[in-house]
Amino acid sequence: MPEAFVAGLDGQTREKVINILNDNLVEMQALQMAVKQAHWNLKGEGFIGVHELLDDVSARLRDGIDTIAERTVILGGFARGTLEVAADKAKMTAYPVELTKIEEHVEELKKRFLSVGASIRDAASAAEEAGDGDTEDLFVEISRALDKDAWFIGANGSR
């Protein structure tokens with residue numbers, strides 16, 4: 001394992017948390033790509049508002065992805081975030097690529113936000129159990145952002 005840049009966590013704890021971080025890195029990447037897929041292909045009434053919202057959501061997801069990857073390296077691990085790793089390891093259901101209706105995209109995205117949000121909350125609990133409060137805080141912060149974005153996206157389906 002490469003050098004760690006954090007004090008107070010033993011190698012076994014760091015290794016466990018690195019695995020938790022990498023597991024959630026790929027889920028966040030899959031979610032970000034699902035958001036971009038919807039952003040590129042949606043059509044219908046309210047298009048521009050949802051299109052712009054999804055660009056903002058994608059940027060926030062990218063920030064969360066970056067935070068997870070950087071924490072992994074800080075702990076002495078390798079961020080395993082290539083497209084190939086994400087495609088192989090992500091548990092999220094593949095996003096349908098031929099949707100156009102805003103309402104269909106909203107429903108598909110809501111399901112995925114709820115799934116990834118649950119995974120992130122589980123990761124926060126696992127990091128706490130491992131004794132890494134800083135990584136727990138990182139996941140809690142990401143969880144709040146996911147919940148807010150799920151709410152923003154979901155509000156577009158309530159007409």
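The rules behind these values
Residues numbered from 1 in each chain as written. Predicted model: local features only at pLDDT ≥ 70, side-chain atom pairs only at ≥ 80, totals over all residues. Heavy atoms only, no water. 1 Å grid on protein atoms, 1.4 Å probe; cavity = no way out; pocket = protein on both sides within 12 Å on 5 of 7 lines; lining within 4 Å. Points joined across faces, edges and corners; volume = space filled by probe spheres on them. Helix = DSSP H or I, 4+ residues; strand = E, 2+ residues; numbered from the N terminus. Nonpolar A, V, L, I, M, F, W, Y, C, P; charged D, E, K, R; others polar.

K.L.:
What am I meant to see in the layout of surface pockets here?
P.N.:
Which parts of space are left empty comes out when a probe the size of a water molecule is rolled across the atoms. Taken as a whole, the largest pocket encloses approximately 390 Å³ of empty space. What lines the largest pocket is a set of 19 residues, among which Gln29, Ala30, Met33, Ala34 and Leu83 lie closest to the centre. Looking at the lining of the largest pocket, the elements with two or more residues in it are helix H1 (11-41) and helix H3 (83-89). Here the lining of the largest pocket gets 7 residues from one element, more than from any other, and that element is H1. Of the residues belonging to the lining of the largest pocket, the class tally is 12 nonpolar, 6 polar and 1 charged. In this structure, the second largest pocket encloses a volume near 230 Å³. Along the walls of the second largest pocket sit 14 residues, with Ile18, Asn19, Asn22, Phe78 and Arg80 positioned nearest its centre. When residues of the lining of the second largest pocket are traced back to their parent elements, those giving at least two are H1 and H3. For the lining of the second largest pocket, the element with the most residues is H1, which contributes 6 residues. Residue classes in the lining of the second largest pocket are distributed as 6 nonpolar, 4 polar and 4 charged.

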